[in-house]
Amino acid sequence: MTRRGSAFAGVSVAIVTPFRDDAVDLAKLREQIEFQIAAGVTCVVPVGTTGESPTLDREERKTLIAETIQIVAGRIKVMAGTGSNSTREAVAMTEWAAKQGADATLQVGPYYNKPMAEGFYRHFRAAAEACPLPVCVYNVPGRTSKNIEPETIIRLAELSNVTMVKEASGSIDQSSQILAATDLTVLSGDDSLTLPIMAVGGEGIVSVAANVVPERFVELCKAFAAGDLKRAQALHLELFPLCRNMLGLASNPIPVKTAMKLQGRDSGELRLPMSALDEEGVSRLKQTLKQAKIL
């Protein structure tokens, strides 16, 4: 069946925020985006979890989103991370991003608040009704402390511009339930579950590890879409140790920024409360990257 968010099928990359001297480094941002465009990704996602969004102030978020849209210049899509645990803030940022020319909005589940199902529904409805931008609901209970239940997603599907779900609960059953009951596009929010979620009807990934190896995720998604399951399986098994070992070292984006630095693509420092990997962690990451033929 044709799904609402199929224009975003493939690889969307949740890009890191490059910092220099505790300020956003726009030159490095441009380098990162050009790197992703050259790799053939569908979309970049600024100001997501990987972009250290909780530590960005409103002006920094606006700068990152606006600059990303200008750098991309229509060559690929931009899904702006405008979600918040404050409904008023999410609505205001989403309205603003729409005026800047964003192609969609990523709306994270309100974190820390722990709303009930009705609260989730009203929060996302408010963001969806604020402007006609396609909305991707982002379910990541490991970060927010509360799962957005499939029944709430199914109810949200009644809103015409809720078109996608970034599903990072780790539950294939949850993705299957959403896919069976709606025409929403499901994108994996866990790199290692890209192929399993596509196998049940998902259409791609909003990836962290693609900051490091975007071309391999692009190839995986294209192979599956073309019906080359053997190649897609081979790429899944090749990428699985990288996703498991790299992202298991520390909270995202600590290991990803470190891996980029080891690649020679230094994105600058982390912003507190994120802190650098210790010596043992860096050693383990180097071994992982060597095994994945990245170093």
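We now turn to the structure provided with this report. Quantities reported herein were computed from a predicted structural model and do not represent experimental measurements. (Residues numbered from 1 in each chain as written. Predicted model: local features only at pLDDT ≥ 70, side-chain atom pairs only at ≥ 80, totals over all residues. Heavy atoms only, no water.)

What the protein chain contains, in helices and strands, is twelve helices and ten strands. In terms of C-alpha radius of gyration, the protein chain reaches 18 Å, essentially the compact-globule figure of 19 Å for 295 residues. Taken along its principal axes, the extent of the C-alpha atoms in the protein chain is 45 × 45 × 35 Å. Sequence-distant contacts, at least 24 apart, represent 69% of the contacts inside the protein chain between residues at least 6 apart. Approximately 12400 Å² of the protein chain is accessible, and the part contributed by carbon and sulfur atoms is 50%. (Helix = DSSP H or I, 4+ residues; strand = E, 2+ residues; numbered from the N terminus. Rg over C-alpha atoms; globule rule 2.2 N^0.38 Å. Contact = heavy atoms within 4.5 Å. Areas by Shrake-Rupley, 256 points an atom, 1.4 Å probe, with all protein chains shown as cover.)

What follows is about helix α12 (residues 279-291). In this model, α12 (13 residues) spans 19 Å end to end at C-alpha, consistent with the 18 Å of a helix rising 1.5 Å per residue. All of the buried residues along α12 are G281, L285, T288 and L289. The buried residues of α12 occupy one face: seen down the axis, they fall within an arc of 95°. Facing away from the buried surface of α12 by more than 90 degrees, the exposed residues are E279, E280, K290 and Q291. Buried residues belonging to α12 abut α10 (229-247) and α11 (254-262). Looking one or two residues beyond α12, the residue adopting positive phi is K293, at roughly 60°. (Expected span 1.5 Å × (residues − 1). Buried < 20%, exposed > 50% of the residue type's maximum accessible area, 1.4 Å probe, protein only. Arc of directions from axis to C-beta.)

Along the polypeptide, A210 turns up in the loop between β10 (204-207) and α9 (214-225). When the C-alpha atoms of A210 and V13 are compared, they prove to be 6.1 Å apart, with 197 residues separating the residues in sequence. Contacts of A210, omitting those with residues within four sequence positions, involve V11, V13, Q36, D191 and F217.

Formed by 58 residues in total, the largest nonpolar core has its most connected members in V11, I65, V212, F217, L242 and M246. Setting aside its immediate chain neighbours within four residues, M246 contacts A209, V212, P241, P255, V256, A259, L285 and T288. Within the second largest apolar cluster, 19 residues are counted, among which are F124, I148, I153 and V165. (Core = buried A, V, L, I, M, F, W, Y, C linked by side-chain atoms within 4.5 Å.)

Time to look at the sheet that holds strand β7 (residues 135-139). To summarise the sheet geometry, strands pair through backbone hydrogen bonds and adopt either a parallel or an antiparallel arrangement. Here we have eight strands rolled up into a closed barrel, ordered β1-β4-β5-β6-β7-β8-β9-β10, and parallel in their pairing. When strand polarity is set aside, the average angle formed by the axes of neighbouring strands in this sheet is 25°. The pairing of strand β6 (residues 104-108) with β7 spans four bridges and is classified as parallel. In the sheet register, Q107 faces β7, and the bridge partner there is V137. Strands β4 (43-45) and β5 (77-81) of the sheet are contacted by helix α2 (residues 58-72), whose axis makes an angle of about 175° with β5. (Pairing = 2+ DSSP bridges. Axes fitted to C-alpha atoms, helices over the stretch in contact; angles between N-to-C directions.)

What follows concerns the side chain of T82. Residue placement: T82 occurs in the loop between β5 and α3 (87-100). Looking at T82, the relative accessible area reads 1%, which means it is buried. Polar contacts involving the side chain of T82 include one to the side chain of T94, which spans 2.9 Å. There is a polar contact of 2.6 Å between the side chain of T82 and the side chain of T105. Setting aside chain neighbours within four positions, we find T82 in contact with I65, A90, M93, T94, A97, T105, L106 and Q107. (Polar contact = N/O pair within 3.5 Å; in protein donor to acceptor, adjacent residues only side chain to side chain.)

Following N252, the chain continues to P253 via a peptide bond in cis, the omega torsion being 10°. Along the polypeptide, P253 turns up in the loop between α10 and α11. Put simply, L272 and P273 share a cis peptide bond, and its omega is 15°. A positive phi angle is found at D22, which is not glycine, with a value near 65°. With respect to the helices and strands, the residue D22 is situated in the loop between β2 (19-20) and β3 (23-24). A residue is classified by how much of its surface remains accessible, and D22, at 48% relative accessible area, is partly exposed. Its identity is not glycine, yet E52 carries a phi of approximately 55°, on the positive side.

What follows concerns the pattern of salt bridges. Counted according to the given criterion, the structure contains 14 salt bridges. Note that E60 is salt-bridged to R271, the shortest N-O span being 2.9 Å. Separated by 211 residues along the polypeptide, E60 in helix α2 and R271 in the loop between α11 and α12 bring together distant segments of the chain. Each member of the pair, E60 as well as R271, carries the same accessibility label: buried. A salt bridge links R61 to E89; the shortest N-O distance between them is 2.4 Å. Highlighted residues: R61 in helix α2 and E89 in helix α3, separated in sequence by 28 residues. R61 sits in the buried class, given a relative accessible area of 15%. (Salt bridge = Lys/Arg side-chain N within 4 Å of Asp/Glu carboxyl O.)

Take it as geometry only, folks, not as evidence of what the structure does.
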